[in-house]
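Survey of secondary and tertiary structure
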Amino acid sequence: MGKIATEEEREKLIAEDLWLNYFNRHLYMNGTITEKEYKRMTEKIATRKAIRSRERDAR
């Protein structure tokens, strides 16, 4: 707690979000998941990002 994320850690978190969104979109575009599943996962990814942002701001 109270630890400030380094530039490398921030880059890693951004890359994770980008990959999660990429694969989610890929699965949807190829018909592996439904639109409902795609939207739900997009919301989960955004929520994950928002939680990390709030935690960082609270430090």
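Throughout this document, residue positions are counted from 1 along each chain, in the order its sequence is written. A pLDDT threshold of at least 70 governs which residues receive local features in this predicted model, and a stricter bar of 80 or more applies before side-chain atom pairs are shown or counted, although totals over entire chains, interfaces and linings include all residues. Excluded from the side-chain calculation are hydrogens and water; included are all heavy atoms of the structure.

What follows is about the pattern of salt bridges. The salt bridge criterion pairs a side-chain nitrogen of Lys or Arg with a carboxyl oxygen of Asp or Glu, the two atoms within 4 Å. Inspection of the entire model under this criterion finds six salt bridges. The shortest N-O distance in the salt bridge between Glu16 and Lys12 comes to 3.6 Å. Here the residue Glu16 and the residue Lys12 both occupy positions in helix α1 (residues 7–29), the gap between them amounting to four residues, near one helical turn. Working definition: with a 1.4 Å probe on protein chains only, accessible area under 20% of the residue-type maximum means buried, over 50% means exposed, and in between means partly exposed. On the basis of relative accessible area, Glu16 is assigned to the partly exposed category, the value being 25%. You can call Lys12 exposed: its relative accessible area is 55%. One network of salt bridges, with partners in common, ties together Lys12, Glu16, Asp17, Arg48 and Arg52. Secondary structure counts use DSSP, requiring at least four H or I residues in a row for a helix and at least two E residues in a row for a strand, with both numbered from the N terminus.

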